[in-house]
Each structure stands twice: as structure tokens, then as C-alpha cells.
Amino acid sequence: MTEEEVVTRLKEAAAAKKAADAHAKTLTKEAGDAFEVVVVEALTGGMKPAKVATLTGYSYETIRRIARARNLDRLREPTVTSRKKAQPGGDSPA
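Summary of the structure given here. Just so it is clear, the model here is predicted, and its values are computed rather than measured.

## Side note on the overall build of the protein chain
Of the regular secondary structure elements, the protein chain holds four helices and zero strands. When the helices and strands of the protein chain are read in sequence order from the N terminus, they spell out α-α-α-α. Counted over contacts in the protein chain with a minimum sequence separation of 6, partners at least 24 positions apart contribute 40%. Of the roughly 7800 Å² that the protein chain leaves accessible, carbon and sulfur atoms contribute 56%.

This is how it looks when you write it as C-alpha cells:
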């Protein structure tokens, strides 16, 4: 094989790899967007985030971040500590 043939094949292979990488990136984004839509549907339908995490194999934190990015209300009620802080004078020392 001549050097010119090798160079041509290298350029073709590099172009094919770049095209495949771009296509994979597009597919990954589309699948991620579709996943987020279904997660939001599950959460707004009343499913608990922990259950969504268990069923999908993604962490609770991933599910929480999706919900926050989509401006969903709190995924759970505030804890007793944060309720106290929310009350007037609840965070100030006595």
C-alpha cells in the first residue's frame, strides 16, 4: 500500500469516527431527554423518588436533580428541623 493510500484511509477512518461520535452524542441526548420526561411524569403522578430511583437503577440524587431542573415542588416534606427553622424566630438562639 502506498503512503497516499494509507493517508486516504486514515482520513476516511477519522471522518467516520467523528461522525459516529456525533451520532452517539445525539442519541445519548435524545435518550436522556426522554428519560427525564418519564421521570417527571412518574414523580408528578405521585411516585416517590426513592421508588423511581430503585426502578430505574439511577441514584436518588439523579432523580432529585432532574426534578429540580424541571422546577418540580419539593419531593418530600421538610424535616422537623427545617420546619422549626421556617417558623418565625425558629433559627435564632434563645
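Next comes the rest of the description.
## A short note on the nonpolar core
If you look at the biggest cluster of nonpolar residues, it comprises eight residues: Val39, Val40, Leu43, Val52, Ala53, Ile63, Ile66 and Ala67. Within the residue set of this core, elements represented by two or more residues are helix 1 (3-44), helix 2 (49-56) and helix 3 (60-69).

## Some thoughts on the packing of aromatic side chains
Applying the stated criterion across every chain yields a total of one aromatic pair. Note on Phe35 and Tyr58: the rings are 4.8 Å apart at their centroids and 40° apart in plane angle, and the pair reads as tilted. Here the residue Phe35 occupies a position in helix 1, and Tyr58 occupies one in the loop between helix 2 and helix 3, the gap between them amounting to 23 residues. Given a relative accessible area of 24%, Phe35 falls into the partly exposed group. On the basis of relative accessibility, which here comes to 45%, the residue Tyr58 falls in the partly exposed class.

## Description of helix 3
Every buried residue belonging to helix 3 is among Ile63, Ile66 and Ala67, and all of these are buried. The arc that holds the buried residues of helix 3, viewed along the axis, is 100°, so those residues lie on one side. Away from its buried face, by an angle of more than 90 degrees, helix 3 presents the exposed residues Arg65, Arg68 and Ala69. Tucked inside the fold, the buried residues of helix 3 contact helix 1 and helix 2. Downstream of helix 3 by one or two residues, Asn71 has phi in the positive range, about 60°.

Here is what the cut-offs are and how they apply
- Residues numbered from 1 in each chain as written.
- Predicted model: local features only at pLDDT ≥ 70, side-chain atom pairs only at ≥ 80, totals over all residues.
- Heavy atoms only, no water.
- Helix = DSSP H or I, 4+ residues; strand = E, 2+ residues; numbered from the N terminus.
- Contact = heavy atoms within 4.5 Å.
- Areas by Shrake-Rupley, 256 points an atom, 1.4 Å probe, with all protein chains shown as cover.
- Core = buried A, V, L, I, M, F, W, Y, C linked by side-chain atoms within 4.5 Å.
- Buried < 20%, exposed > 50% of the residue type's maximum accessible area, 1.4 Å probe, protein only.
- Phe/Tyr/Trp six-rings, centres within 6.5 Å; stacked < 30°, edge-to-face > 60°.
- Arc of directions from axis to C-beta.

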